[in-house]
Amino acid sequence: MGIRYILLGVALWLLITIIRRFIWQRRQERMEKQSRSVTNMVSCKLCGMHLPQNEAVSQGGSYYCCKEHARQSKSEEEE
Ligand SMILES: [Zn+2]
């Protein structure tokens, strides 16, 4: 009878440990994503708008807010 309670306790402890680890991992991932997006802010070379690097269009070592601005800048350099 006592073994049942011990097993139940162990199972419960394992469950809590797994859930805690899962929540902690999710939180770590979210924090990493946030810090990454904060540190990697770039500004559009054409209009100066600030945006995250992963959303920016990179071309020739410069960043642009959209493909349209990247294209415009390129055509200006060529002319
Ligand atoms: Zn722009």
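Not measured: the values here are computed from a predicted model. (Residues numbered from 1 in each chain as written. Predicted model: local features only at pLDDT ≥ 70, side-chain atom pairs only at ≥ 80, totals over all residues.)

Colleague: Give me the overall build of the protein: which residues, what numbers.
Modeller: When helices and strands are tallied, the protein shows 2 helices and 4 strands. Buried residues in the protein amount to 8% of all 79 residues. When contacts within the protein are restricted to residue pairs at least 6 apart in sequence, those whose partners lie at least 24 apart make up 10%. (Helix = DSSP H or I, 4+ residues; strand = E, 2+ residues; numbered from the N terminus. Buried ≥ 20, exposed ≤ 12 C-beta atoms within 10 Å, placed from the backbone. Contact = placed C-beta atoms within 7 Å.)

Colleague: Could you give me a rundown of the nonpolar core, with the residues and numbers involved?
Modeller: Core analysis: the largest hydrophobic core is formed by 5 residues, namely Ala56, Tyr63, Tyr64, Cys65 and Ala70. If we ignore the near neighbours within four places in the chain, the residues touching Ala70 are Val57, Gln59 and Tyr64. (Core = buried A, V, L, I, M, F, W, Y, C linked by C-beta atoms within 7 Å.)

Colleague: Could you give me a rundown of the confidence of the model for the protein, with the residues and numbers involved?
Modeller: With 90% of its residues at a pLDDT of 70 or more, the protein shows a mean pLDDT of 89. Confidence, expressed as mean pLDDT per element, reaches its minimum in the protein at helix α2 (residues 67-78) with 86 and its maximum at strand β4 (residues 62-64) with 95. (pLDDT = per-residue confidence, 0-100.)

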